[in-house]
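Per-entry structural report
Here is what each chain is made of, one letter per residue.
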Amino acid sequence: MDDNLELPTAAPKPEASQDRDEEEQSSGDEDQGPDWTKIPGLNVARPVIPKRGEKDFEPTTQGGSGLQRHVLDRSRSAMLEALKATRTISHKSVSHAIWYPQLGRAHVTVAKGIHLSTMGHSVARASEGSEDAKKVQKRLELLPEEALYLVERGAMFCWKPTDVPLHKTLHLDDMEGVPMSVQQAYAEMIGAEDLTFERYQVYAYLRRLGYVVTRTKPPSPDYPVPPPFPNQVSTSIVGRLFSAVNSFLSRIVRIFTGGCDWWRPICFSRWLHHNMNNKSLFKSLRFLPSGYDIPLHVQRAPEAPPTPYQIFYNLYKPSTTFKKTASPPPDFSVVIVNARTTPMPTISELTDLFGELPELPPPVPRKRMSFAQQKQAAAAVAESKQTASQAPFAQPSLLRRSFAWIWPMPGADNNAKTPPRPTYPFPSLKSGKKMVVVAAVDAGTISFFRFGQGVFTEWPMA
């Protein structure tokens with residue numbers, strides 16, 4: 001029978017077996033398009049994401065039969081109907097907020113759901129509606145990226161104040177203004193409080209993965225920030241005095257010797273020369289110091305624009321215990337740049353980034369143990385704790401404690417006699433002592449790059 005003479009029919013296909021359903025859900029069908037005709041109903045309150053289907057035919061130069069064109073048109077129509085479906089949310093878990101453009105904040109009036117446990121911050125502001133204008137009340141406010149994220153995912157209704165008189169609506173008497181759509185929220189909130197489209201894309205992507213994202217630089221004094229990093233560069237008074245004396249003596253020596261020409265290492269002065277032999281040559285070699293403690297001598301132009309490589313977000317893992325009023329030190333520091341307009345970071349920009357970050361502790365080496373070994377180790381630890389709790393503690397006498405430097409306590413120097421185990425250097429060399437994450441956004445595609453400050457100069461390889 002000729003394919004061109006086939007009459008199209010809208011009869012559904014017979015149900016496939018269970019094995020065929022498993023094949024459709026396998027990873028081999030990821031490249032195929034979804035079958036929009038398998039949606040159980042387009043007028044349902046909550047549309048269902050369709051499953052991927054099989055391609056019934058391959059493209060041919062003749063175009064295809066009437067049945068194939070009919071199946072294609074039916075799938076295209078089903079896709080358009082599914083995309084036109086009304087998006088609905090549950091009123092039991094939706095929050096309400098009012099967006100104030102002059103403040104760049106969204107005031108949460110009704111807080112519901114679990115999102116606000118790690119989002120928003122409390123701000124004390126004067127109440128405008130109360131009789132006492134000086135009365136200060138604390139309220140929950142959201143940054144632009146936080147409000148836009150909740151509006152986009154359907155977890156919050158955002159309202160905007162207006163001077164236009166509005167009709168009263170049932171259950172919405174306490175709301176001010178008109179509701180904002182997702183498009184209006186994008187137009188209003190992108191650009192407020194240094195929020196760019198690339199920064200919001202990174203924020204929404206990390207929030208969907210379960211991370212807690214906060215600002216590094218507080219946009220207002222009421223915004224909670226983590227404790228400051230400990231100062232890694234601490235110069236004592238003795239160190240400063242020693243460096244001053246050393247520089248003074250080096251200047252005096254340079255006056256009498258006339259300086260040293262490093263292009264002629266075997267000539268120490270204008271009058272003193274050494275013979276060309278190996279011993280004198282090796283003594284005259286110049287050793288350059290290495291490591292990140294040596295400052296960079298890079299001259300920057302005064303009219304140079306500010307660098308785009310600045311830490312913008314603090315990132316916390318989902319397993320990290322986070323409290324908004326007392327946030328812990330961040331797990332990662334994220335820099336966001338536009339890949340289309342921003343070049344690779346220079347050594348000066350990376351040095352400035354690493355100067356703001358603390359030194360990370362060396363990673364703990366992993367001990368691969370079987371389940372039986374882990375169970376045995378846990379039992380040994382529990383037994384040792386029980387024995388230590390039951391054993392009576394013999395308090396040493398006052399004389400023994402006073403002359404402990406003559407008669408050391410038994411077991412006090414066991415750890416000192418045991419030689420320390422050499423540390424495995426490769427985890428530290430891989431992770432580095434400082435680390436920053438750069439998120440490069442290229443037309444919506446986000447790529448994360450980790451830059452670490454190495455510790456090769458601190459680990460002797462011999």
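Because the structure is a prediction, the values reported are computed rather than measured.

With that settled, consider the overall build of the chain. Of regular secondary structure, the chain possesses twelve helices and eleven strands. Counting contacts in the chain only where the partners sit at least 6 residues apart, residues at least 24 apart contribute 61% of the total.

For the rest of this paragraph, the subject is unusual backbone geometry. At E193, a position not held by glycine, the phi torsion is positive, near 55 degrees. Summarising the element assignment, E193 is placed in the loop between α4 (182–189) and α5 (197–208). Even without glycine at this site, D194 takes up a positive phi of about 60 degrees. Mapping D194 onto the fold places it in the loop between α4 and α5. Residue D194 is classed as exposed on the basis of its relative accessible area, which comes to 55%.

Take the environment of R215 next. One can find R215 in strand β7 (residues 212–215). Sequence separation of R215 and F312 is 97 residues, and the distance between their C-alpha atoms is 6.0 Å. At 2.8 Å, the side chain of R215 and the side chain of E145 are in polar contact.

What follows is about the nonpolar core. Counting residues in hydrophobic clusters, the biggest one holds 34 residues, and the most contacted among them are L142, L150 and Y313. Each of domain 1 (95–127 + 135–195) and domain 2 (311–361 + 427–453) accounts for three or more of the residues forming this core. Excluding residues within four positions of it along the chain, Y313 makes contact with E145, L195, R199, Y203, V213, T214, R215, T216, F332, S333, V334 and I336. Counting eleven residues, the second-largest nonpolar core is a separate cluster that includes V335, L350, V436 and V438.

Glancing now at empty space enclosed by the protein. Under the criterion given, the structure shown has two cavities of 30 Å³ or more. Empty space within the largest cavity amounts to approximately 100 Å³. T118, M119, G120, H121, E146, T214, Y223, P224, F322, K324 and S327 are the residues that line the largest cavity. Partitioning the lining of the largest cavity into residue classes produces four nonpolar, five polar and two charged. Mapped onto the domain boundaries, the lining of the largest cavity takes at least three residues apiece from domain 1 (95–127 + 135–195) and domain 2 (311–361 + 427–453).

This part takes up the pairing of strand β4 (residues 136–142). Where strand β2 (residues 105–110) meets β4, two bridges bridge the pair, whose relative direction is antiparallel. In the strand pairing of β4, H107 is matched with E141. Two elements, strand β3 (residues 121–126) and β4, share six bridges in a ladder whose sense is antiparallel. Residue pairing for β4: S122 is matched across the bridge by L140.

Here we take up the packing of helix α3 (residues 144–152) against α5. Running from amino to carboxyl end, α3 crosses α5 at an angle of 60 degrees, the nearest separation of the two axes being 10 Å. Considered as vectors, α3 and α5 are oriented oblique to each other. In this structure, α3 crosses over α5, and the sense of that crossing is right-handed. Packed against α3, whose contacting residues are E145, E146, L148, Y149 and E152, the element α5 presents Y200, Y203, A204, R207 and R208 at the interface.

Moving on, we come to the packing of α3 against α4. Running from N to C, α3 and α4 cross one another at 170 degrees; their axes reach a closest spacing of 10 Å. Regarding the angle of α3 to α4, the classification is roughly antiparallel. Taking contact as the criterion, the partners of P144, A147, L148, V151 and E152 in α3 are, on α4, V182, A185, Y186 and M189. Residues of the contact of α3 with α4, tallied by class, amount to eight nonpolar, no polar and one charged.

We now examine the packing of aromatic side chains. Summed over the entire model, instances satisfying the criterion amount to seven aromatic pairs. With a centroid separation of 6.1 Å and 90 degrees between ring planes, the pair formed by Y149 and Y203 is classed as edge-to-face. Taken together, the residues span a long stretch of sequence, with Y149 in helix α3 and Y203 in helix α5 at a distance of 54 residues. Across this residue pair, the class does not change: Y149 and Y203 are buried.

The next subject is the sheet that holds strand β10 (residues 434–442). Across the sheet, five strands lie side by side as β7-β8-β9-β10-β11; this open sheet has mixed pairing. Looking along the sheet, the strands with just one partner apiece sit at the ends: β7 and β11 (445–453). Direction aside, neighbouring strands of the sheet carry axes that sit 30 degrees apart on average. Inspection of the sheet shows strand β9 (residues 332–338) paired to β10 by five bridges, in the parallel sense. Bridged to V334 within β10 is V437. Its contacts with the sheet put α5 on β7, β8 (311–316), β9, β10 and β11, and the angle it makes with β11 is roughly 85 degrees.

Calculation rules
Residues numbered from 1 in each chain as written. Predicted model: local features only at pLDDT ≥ 70, side-chain atom pairs only at ≥ 80, totals over all residues. Heavy atoms only, no water. Helix = DSSP H or I, 4+ residues; strand = E, 2+ residues; numbered from the N terminus. Contact = heavy atoms within 4.5 Å. Buried < 20%, exposed > 50% of the residue type's maximum accessible area, 1.4 Å probe, protein only. Polar contact = N/O pair within 3.5 Å; in protein donor to acceptor, adjacent residues only side chain to side chain. Core = buried A, V, L, I, M, F, W, Y, C linked by side-chain atoms within 4.5 Å. Domains from an automatic or database assignment. 1 Å grid on protein atoms, 1.4 Å probe; cavity = no way out; pocket = protein on both sides within 12 Å on 5 of 7 lines; lining within 4 Å. Points joined across faces, edges and corners; volume = space filled by probe spheres on them. Nonpolar A, V, L, I, M, F, W, Y, C, P; charged D, E, K, R; others polar. Pairing = 2+ DSSP bridges. Axes fitted to C-alpha atoms, helices over the stretch in contact; angles between N-to-C directions. Parallel < 35°, antiparallel > 145°, perpendicular 65-115°, else oblique. Left-handed = near helix turned anticlockwise from the far one by under 90°. Phe/Tyr/Trp six-rings, centres within 6.5 Å; stacked < 30°, edge-to-face > 60°.

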